[in-house]
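The residues making up each chain are set out below.
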2 protein chains.
Amino acid sequence: MKLSEIGELSLLSILRNRFGKTGAKGVLAGIGDDCAVVRPAGRNLLLTTDMMVEGVHFDMRWTTPYQAGFKLVSVNVSDVYAMGGRPEFLLLNFSAGRSTDAAVFHRIFDGIEKASELYGVSIVGGDISSSERIVLSATVTGYASKVIKRSGARIGDLIYVTGCLGDSACGLQLLKKMMKPVELERRKKGHFDLKWDIVLPLIRRHLMPRAVDPRRIARSATAMIDISDGLLIDLSRICSESKVGAKLYVEQLPVSAQLKRAAEYLDIDPLAFATGGGEDYELLFTEPSGKKVEAICIGEVTKSGITVVDKQGKNKKVSVKGYEHFAV
Amino acid sequence: MKLSEIGELSLLSILRNRFGKTGAKGVLAGIGDDCAVVRPAGRNLLLTTDMMVEGVHFDMRWTTPYQAGFKLVSVNVSDVYAMGGRPEFLLLNFSAGRSTDAAVFHRIFDGIEKASELYGVSIVGGDISSSERIVLSATVTGYASKVIKRSGARIGDLIYVTGCLGDSACGLQLLKKMMKPVELERRKKGHFDLKWDIVLPLIRRHLMPRAVDPRRIARSATAMIDISDGLLIDLSRICSESKVGAKLYVEQLPVSAQLKRAAEYLDIDPLAFATGGGEDYELLFTEPSGKKVEAICIGEVTKSGITVVDKQGKNKKVSVKGYEHFAV
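Counting of residues starts from 1 at the beginning of each chain's written sequence and follows it residue by residue. Going through the entries in the order they are written, you letter the chains from A and number the ligands from 1. Confidence filtering applies because this is a predicted model: local features only for residues at pLDDT of at least 70, side-chain atom pairs given and counted only at 80 or more, and all residues used for totals across whole chains, interfaces and linings. By convention in this description, side-chain values take in all heavy atoms of the structure and omit both hydrogens and water.

## So, the overall build of chain A
Link 1 in the chain: What counts as a helix is a DSSP run of H or I of at least four residues, what counts as a strand is a run of E of at least two, and both are numbered from the N terminus. Looking only at helices and strands, chain A features nine helices and 13 strands.
Link 2 in the chain: Residue contacts are defined here by distance: any two heavy atoms, one from each residue, within 4.5 Å place the two residues in contact. At a minimum sequence separation of 6, the contacts of chain A that also span at least 24 residues come to 85%.
Link 3 in the chain: All accessible-area figures derive from a Shrake-Rupley calculation using a 1.4 Å probe, and residue coverage is judged against the displayed protein chains alone. Of the roughly 13,600 Å² of accessible surface on chain A, 48% is carried by carbon and sulfur atoms.

This is the structure in structure tokens:
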């Protein structure tokens, strides 16, 4: 059935029945009034919003609707985590063409629901509308007793990441060759030149990234960001906000065995993925040295400039390339 | 210059310079980090989001970019007002085609800025992205010491609106005939068969609606909603949430002289505009009788059903028609 056969009001009531259960903690009024009314649990309210446009942020040639919905929640939650916060409430904007199949609508919300449960987020409101292509946006609120900004890095701090780098960008390259959606959410497997246990973690990282909760990891972080545009770009944001530089140890950059194998297959330098690949949604943060940190140390904060050095301390040239909208 | 020649990062820094001034009250971190961090002033946090898609919610054939930006803020603020709240913070999502002229981008934000100032709202964050057509969405937060829901109307309450009905829908019909944007924001006039002082208030209500702050008007409101989809549809929402009915007095429905004149020109029943026309963004609310209310009383809350009656108490047949996305 097409969305135009269901109509906006019915779609809204479907969502209301699904997500409108009152009684979620802190929700005084959820879907079904002019605004949601909530009682945030802490005093510092975090607000973030991210948009996903079909054909720009996701491609239905290799993405299931479920995966798009799941990722929408992850990327927003990741922003809250990146400030040291705990996500609480979610508002959605959904828009799609009139001839969109209703199953697409339902599967997108399946993914949104699954991810919301995963992160403990309550869906409290939103708006739906028609458009030419699918446009999703979400706003997530959170709170933080202690906010970790990008601007707090100090010279001498060590630089950490929470996991492997470049998997998502490498996964995207594989998906572009596969040109087929795979329902990972239903444990389906795809067929590809490479073994599936090499392909799976890479494409999963791209299609259904999981935001990393820093609470147990980065207890004394001075600055933090989530890696959405690539290690070097996101690191340069911390450096510029903190008015410092950084030295990265190339040998310490965590690169998965799967990435190495797939990069070989793709004939692309794994380092290019690790330093320039976006959308890993790992956290990148700085902490004073001497702290016990359960993450991977990849460098240290310096006075100025960003350099990548090898074991011998020799500078390695790495090109900075990330994703920029509107770029020529 | 086209957006693709400027690039996302430059666009972001333009916005940051423009809206990123720290020091706005309650803003701990504005544009330029993963999240905005704010301290809401009250305990009941209101959250609302609304999307505006080019070709669906606004038409560039008769809308200036400034007007689209202005309206985006108004429709979101209106939702906060409709809960009895005071708007505080705004997050934006902007997306447009790569070949969009940069002037469009700037003028949209001019309109957003103007409206934000008007309502005392601080812009604290957002996201920009490329898409085929212009898609705008905003999330507005607010607070309310006393929240007014749709569900509080009681039998015997009187029904009020804060201003004339149908002007926006009538203005839209005029714009569809004019087929030309008019820079009302620069006091420009358009040319049309009707006198400009008849046309102006109608098209202005459609292009640059002003949300109505209920604080001084609806002190004892039991239920409230803003009229976005048309009087009868929005009233039926209050009735359905409150499990009551309503009787409207057709002679008391406020209709402007301009609407009467333009409706005659268009050969459309003014009552059809007043009862079915959306996007007036007047407030519709109920209050116990006996209160002094500075708004127009148009009816009373009954046990069930919605009727429109004339002076003699005879039922008038009025067709309910409002805007529904995806409707066939």
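## Details of the interface of chain A and chain B
Link 1 in the chain: Counting from both sides, the interface comprises 72 residues of chain A and, opposite them, 72 residues of chain B.
Link 2 in the chain: In total, chain A and chain B occlude about 5,800 Å² of area from one another, counting both sides; carbon and sulfur atoms represent 55% of this.
Link 3 in the chain: Each salt bridge in this description consists of a side-chain nitrogen of Lys or Arg and a carboxyl oxygen of Asp or Glu lying within 4 Å of one another. Where chain A meets chain B, there are two salt bridges.
Link 4 in the chain: The partner of A:Arg133 in a salt bridge is B:Glu132, with the nearest N and O atoms 2.9 Å apart.
Link 5 in the chain: Any pair of nitrogen or oxygen atoms within 3.5 Å is treated as a polar contact; in protein, a donor-acceptor pairing is required on top of that, and neighbouring residues in sequence qualify only through side-chain atoms on both sides. Where chain A meets chain B, there are seven residue pairs in polar contact (both at pLDDT 80 or more).
Link 6 in the chain: When residues are grouped by polarity, Ala, Val, Leu, Ile, Met, Phe, Trp, Tyr, Cys and Pro land in nonpolar, Asp, Glu, Lys and Arg in charged, and all others, Gly among them, in polar. Partitioning the side of chain A that touches chain B into residue classes produces 34 nonpolar, 19 polar and 19 charged.
Link 7 in the chain: Note: strand S2 (residues 36–38) of chain A against strand S3 (residues 45–53) of chain B, three bridges, orientation antiparallel. Bridge assignment links A:Ala36 to a residue of S3(B), and that residue is B:Leu47. In this description, buried area is defined as the sum, over both parts, of the accessible area (probe of 1.4 Å) that is lost when the two are combined. Note: two strands are recorded as paired if DSSP finds a minimum of 2 bridges between them.

## Points about the side chain of B:Thr64
Link 1 in the chain: Structurally, the position occupied by B:Thr64 is in the loop between S3 and helix H3 (65–81).
Link 2 in the chain: If we ignore the near neighbours within four places in the chain, the residues touching B:Thr64 are B:Pro181, B:Val182, B:Glu183 and B:Glu185.

## A look at helix H5 (residues 167–178) of chain A
Residue and element names in this part refer to chain A.
Link 1 in the chain: Taking 1.5 Å of rise per residue, the twelve residues of H5 would be expected to cover 16 Å, and the 16 Å separating its terminal C-alpha atoms lies within 8% of that figure.
Link 2 in the chain: Accessibility here uses a 1.4 Å probe with only protein chains present; expressed as a share of the type maximum, an area under 20% marks a residue as buried, one over 50% as exposed, and anything in between as partly exposed. Counting buried positions along H5 gives nine out of twelve residues, so the element sits mostly inside the fold.
Link 3 in the chain: Inspection of H5 places Asp-167, Ser-168, Ala-169, Cys-170, Gly-171, Leu-172, Leu-174, Leu-175 and Met-178 among the buried residues, and these make up the whole buried set.
Link 4 in the chain: The inward-facing, buried residues of H5 abut helix H6 (196–207), helix H8 (257–266) and helix H9 (270–276). Given the number of residues in a helix, its expected span is that number minus one, multiplied by 1.5 Å.

## So, the relation of the copies chain A and chain B
Link 1 in the chain: Between chain A and chain B, the superposition needs a rotation of 180° and an axial shift of 0.0 Å, giving an RMSD of 0.0 Å. Both copies of the chain, as the preceding transformation shows, are related through a two-fold rotation axis. In terms of C-alpha distance to the rotation axis, chain A has A:Thr139 as its closest residue, with the C-alpha 3.6 Å off the axis.
Link 2 in the chain: Both copies contact each other with a shared surface, as 100% of the interface residues of chain A are interface residues in chain B too. Only residues with pLDDT of at least 70 in both copies count here: their C-alpha atoms drive the least-squares fit that superposes the copies.

## Points about the nonpolar core
Link 1 in the chain: Side-chain atoms within 4.5 Å are what join buried Ala, Val, Leu, Ile, Met, Phe, Trp, Tyr and Cys residues into a set we call a nonpolar core. Counting residues in each nonpolar core, the largest one holds 84 residues, and the members touching the most others are B:Leu90, B:Phe94, B:Ile112, B:Leu136, B:Leu174, B:Leu231 and B:Leu284.
Link 2 in the chain: Other than its neighbours up to four places away in sequence, B:Leu90 contacts B:Val73, B:Ile112, B:Ser116, B:Val121, B:Ser122, B:Ile123, B:Val124, B:Gly125, B:Ala138, B:Thr139 and B:Val140.

## Concerning the packing of aromatic side chains
Link 1 in the chain: Aromatic pairs are defined between Phe, Tyr and Trp rings, using the six-membered ring for Trp, whenever the two ring centres lie within 6.5 Å; interplanar angles under 30 degrees are classed as stacked, those over 60 as edge-to-face, and all others as tilted. Tallying each qualifying case throughout the model produces twelve aromatic pairs over all chains.
Link 2 in the chain: With centroids separated by 5.7 Å and ring planes inclined at 50°, the aromatic side chains of B:Phe94 and B:Phe109 adopt a geometry described as tilted. Linking B:Phe94 in strand S4 (residues 86–96) with B:Phe109 in helix H4 (residues 102–119), this pair joins segments that are 15 residues apart in sequence. Residue B:Phe94 shares its accessibility class with B:Phe109, and that shared class is buried.
Link 3 in the chain: Each residue in the set A:Phe94, A:Phe105 and A:Phe109 is aromatic and connected to the rest through ring pairs, giving one cluster.

## Comments concerning the sheet that holds strand S10 (residues 283–287) of chain A
Residue and element names in this part refer to chain A.
Link 1 in the chain: Spatially, S8-S10-S7-S11-S9-S12-S13 is the arrangement adopted by the seven strands of the open sheet, whose pairing is mixed. With partners counted over all chains shown, the strands left at the sheet margins are strand S8 (223–226) and strand S13 (315–316), one partner each.
Link 2 in the chain: Relative to strand S12 (residues 306–309), strand S9 (residues 245–249) runs parallel, the two being bridged by four bridges. When the sheet's bridge partners are listed, Leu-248 is paired in S12 with Val-308.
Link 3 in the chain: Where helix H7 (residues 231–242) meets the sheet, its contacts fall on strand S7 (158–161), S8, S9, S10, strand S11 (296–302) and S12, and the angle it forms with S8 comes to roughly 150°. Angular values range over 0 to 180 degrees, each being the angle between N-to-C directions of two axes fitted as lines to C-alpha atoms, with helices fitted over their stretch in contact.

## Notes on the environment of B:Arg133
Link 1 in the chain: You can see B:Arg133 is positioned in the loop between strand S5 (122–130) and strand S6 (135–143).
Link 2 in the chain: According to the relative accessible area criterion, B:Arg133 is partly exposed, its value standing at 36%.
Link 3 in the chain: Setting aside chain neighbours within four positions, we find B:Arg133 in contact with A:Glu132, B:Glu54, B:Gly55, B:Ser95 and B:Ala96.
Link 4 in the chain: Within polar-contact distance, the side chain of B:Arg133 engages the side chain of A:Glu132 at 2.9 Å.

## Concerning the pattern of salt bridges
Any two side chains of opposite charge can pair if their charged atoms end up close together.
Link 1 in the chain: Counting across every chain of the model gives 28 salt bridges over all chains.
Link 2 in the chain: Note that A:Asp229 is salt-bridged to A:Arg237, the shortest N-O span being 2.9 Å.
Link 3 in the chain: Residue B:Lys71 pairs with B:Glu279 through a salt bridge whose shortest N-O separation is 3.4 Å. Within this pair, whereas B:Lys71 is found in helix H3, its partner B:Glu279 is found in the loop between helix H9 (270–276) and strand S10 (283–287), the two being separated by 208 residues in sequence.
Link 4 in the chain: The buried category is assigned to B:Lys71, whose relative accessible area is 5%.
Link 5 in the chain: One salt-bridge network, in which partners are shared between bridges, spans A:Asp167, A:Arg205, A:Asp280 and A:Glu282.

## Things to note about unusual backbone geometry
Residue and element names in this part refer to chain A.
Link 1 in the chain: The backbone of Met-179 sits at a positive phi, close to 55°, despite the residue not being glycine.
Link 2 in the chain: Along the chain, the position of Met-179 falls in the loop between H5 and H6.
Link 3 in the chain: You can call Met-179 partly exposed: its relative accessible area is 38%.
Link 4 in the chain: Backbone geometry places Asp-267, a non-glycine residue, at a positive phi of 60°.

## Comments concerning the pairing of strand S8 (residues 223–226) of chain B
Residue and element names in this part refer to chain B.
Link 1 in the chain: Covered by surrounding structure in S8 are Ala-223 and Ile-225 together with Met-224 and Asp-226, the residues of both alternating faces.
Link 2 in the chain: Relative to S10, S8 runs antiparallel, the two sharing four bridges. When the sheet's bridge partners are listed, Ala-223 is paired in S10 with Thr-286.

## With respect to the sheet that holds strand S9 (residues 245–249) of chain B
Residue and element names in this part refer to chain B.
Link 1 in the chain: Strand order in the open sheet formed by seven strands is S8-S10-S7-S11-S9-S12-S13, and the pairing between neighbours is mixed. At either end of the open sheet lies a strand with only one pairing partner, and these are S8 and strand S13 (315–316).
Link 2 in the chain: Relative to S13, strand S12 (residues 306–309) runs antiparallel, the two sharing two bridges. Within S13, the residue paired with Val-309 across the bridge is Asn-315.
Link 3 in the chain: With respect to the sheet, helix H7 (residues 231–242) is in contact with strand S7 (158–161), S8, S9, S10, strand S11 (296–302) and S12, its orientation differing from that of S8 by roughly 150°.

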